[in-house]
Amino acid sequence: AQRVTQPEKLLSVFKGAPVELKCNYSYSGSPELFWYVQYSRQRLQLLLRHISRESIKGFTADLNKGETSFHLKKPFAQEEDSAMYYCALHNFNKFYFGSGTKLNVKP
Amino acid sequence: GAVVSQHPSWVICKSGTSVKIECRSLDFQATTMFWYRQFPKQSLMLMATSNEGSKATYEQGVEKDKFLINHASLTLSTLTVTSAHPEDSSFYICSAKGAPGELFFGEGSRLTVL
């Protein structure tokens, strides 16, 4: 069975500090992984996907199959990054989400 | 980007009544939509996959007779909570699959059963 784990419920950092939101997954095949973000009073939206290997709003995420991880990183956090972040795994036409991490960037 | 709209965004009903929530893809056709349930401070729990023109696929533990899903067209899926009870109170979120593999989410519908 596939499972997505985000160990941190809350992550608080100061503006300008590096941030890493952890995501681990368990899946026997070749996973397709995503990060979704939900800003205050807004709907969930896609932040980035691992197959694109892109940087969105300064965030990057690398799929590490050996460690079964897909951690989200940003070298210098901004206050506008404060939001809920969800890691998601796509398999057989379904999406499974982690429990989410609330990122709070303090001024 | 693509837009998915949910209606109503908030509904209160009496125990024993049924409530219908609509999910529409406004500017694209969605052959597959998903219904999630979210409890406070918890993750999105996949309830079922809604497939246009065919029966929905329910996740283990989700009562299909309790949560009726209809995907009658390429732009509309509905979730009907039948004989609602207070424990059905929750935040229900729909999403539609775009291409390639991206999910577009509705605003969510908060159901409160008295």
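The structure we're discussing is the one just above.
Keep in mind that what you see is a predicted model, and the values were worked out from it rather than measured.

> Teacher, can you tell me more about the side chain of Asp81 of chain A here?
Residue placement: Asp81 of chain A occurs in the loop between strand S8 (72–74) and strand S9 (83–91). Ignoring any residue separated from it by four or fewer positions in sequence, one finds Asp81 of chain A in contact with Phe59, Lys74, Leu103 and Val105 of chain A.

> Would you mind showing me how to read a nonpolar patch on the surface here?
All names here are of chain B. Taken together, Trp10, Ile12 and Leu114 make up a surface patch of nonpolar side chains, about 390 Å² in accessible area. Tracing the sequence through the fold places Trp10 in strand S2 (residues 10–13). For Trp10, a relative accessible area of 59% corresponds to the exposed category.

> Quick question: what am I supposed to make of the interface of chain B and chain A here?
Accessible area lost during the coming together of the parts is what is often quoted as the interface size. Taken together, the contact between chain B and chain A spans 22 residues of the former and 15 residues of the latter. In this assembly, chain B packs against chain A so that about 1600 Å² is buried in total across both faces, 51% of it on carbon and sulfur atoms. Taken together, the links from chain B to chain A amount to 2 salt bridges. Of the charged contacts, one joins Glu107 of chain B and Arg43 of chain A as a salt bridge, the two residues approaching to 3.8 Å between their closest N and O atoms. Taken together, chain B and chain A are joined by 9 residue pairs in polar contact (both at pLDDT 80 or more). Broken down by secondary-structure element, the contributors of at least two residues to the side of chain B that touches chain A are strand S4 (32–38), strand S5 (44–51) and strand S10 (103–105) of chain B. The class makeup of the residues in the side of chain B that touches chain A is 9 nonpolar, 9 polar and 4 charged.

> Which parts of the structure should I look at to understand the sheet that holds strand S1 (residues 4–7) of chain B?
Residue and element names in this part refer to chain B. Taking strand neighbours across the sheet as the criterion, the 4 strands line up as S1-S3-S8-S7 in an open arrangement whose pairing is antiparallel. Every other strand in the sheet has two partners, leaving S1 and strand S7 (67–73) as the edge strands with one partner each. Pairwise comparison of adjacent strand axes, ignoring direction, gives a mean angle of 15° for this sheet. Pairing geometry for S7 and strand S8 (residues 76–81), over 5 bridges, is antiparallel. When the bridges of S8 are listed, Leu68 appears paired with Thr80.

> Mind showing me how you'd approach the sheet that holds strand S7 (residues 60–61) of chain A here?
In sheet architecture, strand pairing relies on hydrogen bonds along the backbone and comes in two forms, parallel and antiparallel. Taking strand neighbours across the sheet as the criterion, the 3 strands line up as S3-S8-S7 (chain A) in an open arrangement whose pairing is antiparallel. This sheet does not close on itself; its edge strands, each paired only once, are strand S3 (19–21) and S7 of chain A.

> Got a minute to help me understand the packing of aromatic side chains in this structure?
Each aromatic ring pair is summarised here by two numbers: the centre-to-centre distance and the angle between the ring planes. In total, this model carries 11 aromatic pairs over all chains according to the counting rule given. Through a chain of ring-to-ring contacts, three or more aromatic side chains come together here, namely Phe34, Tyr36, Phe95 and Phe97 of chain A together with Phe34, Tyr36 and Phe105 of chain B. Of note, Lys106 of chain A hangs over the ring of Phe14 of chain A, and the distance from its end group to the ring centre comes to 4.4 Å.

The rules behind each value
- Residues numbered from 1 in each chain as written.
- Chains lettered and ligands numbered in written order.
- Predicted model: local features only at pLDDT ≥ 70, side-chain atom pairs only at ≥ 80, totals over all residues.
- Heavy atoms only, no water.
- Helix = DSSP H or I, 4+ residues; strand = E, 2+ residues; numbered from the N terminus.
- Contact = heavy atoms within 4.5 Å.
- Patch = residues over 30% accessible without salt bridge, like charges linked within 9 Å, V, L, I, M, F, W, Y side chains within 5 Å.
- Areas by Shrake-Rupley, 256 points an atom, 1.4 Å probe, with all protein chains shown as cover.
- Salt bridge = Lys/Arg side-chain N within 4 Å of Asp/Glu carboxyl O.
- Buried < 20%, exposed > 50% of the residue type's maximum accessible area, 1.4 Å probe, protein only.
- Buried area = accessible area lost by both parts, 1.4 Å probe.
- Polar contact = N/O pair within 3.5 Å; in protein donor to acceptor, adjacent residues only side chain to side chain.
- Nonpolar A, V, L, I, M, F, W, Y, C, P; charged D, E, K, R; others polar.
- Pairing = 2+ DSSP bridges.
- Axes fitted to C-alpha atoms, helices over the stretch in contact; angles between N-to-C directions.
- Phe/Tyr/Trp six-rings, centres within 6.5 Å; stacked < 30°, edge-to-face > 60°.
- Lys NZ or Arg CZ within 6 Å of the ring centre and 35° of its normal.

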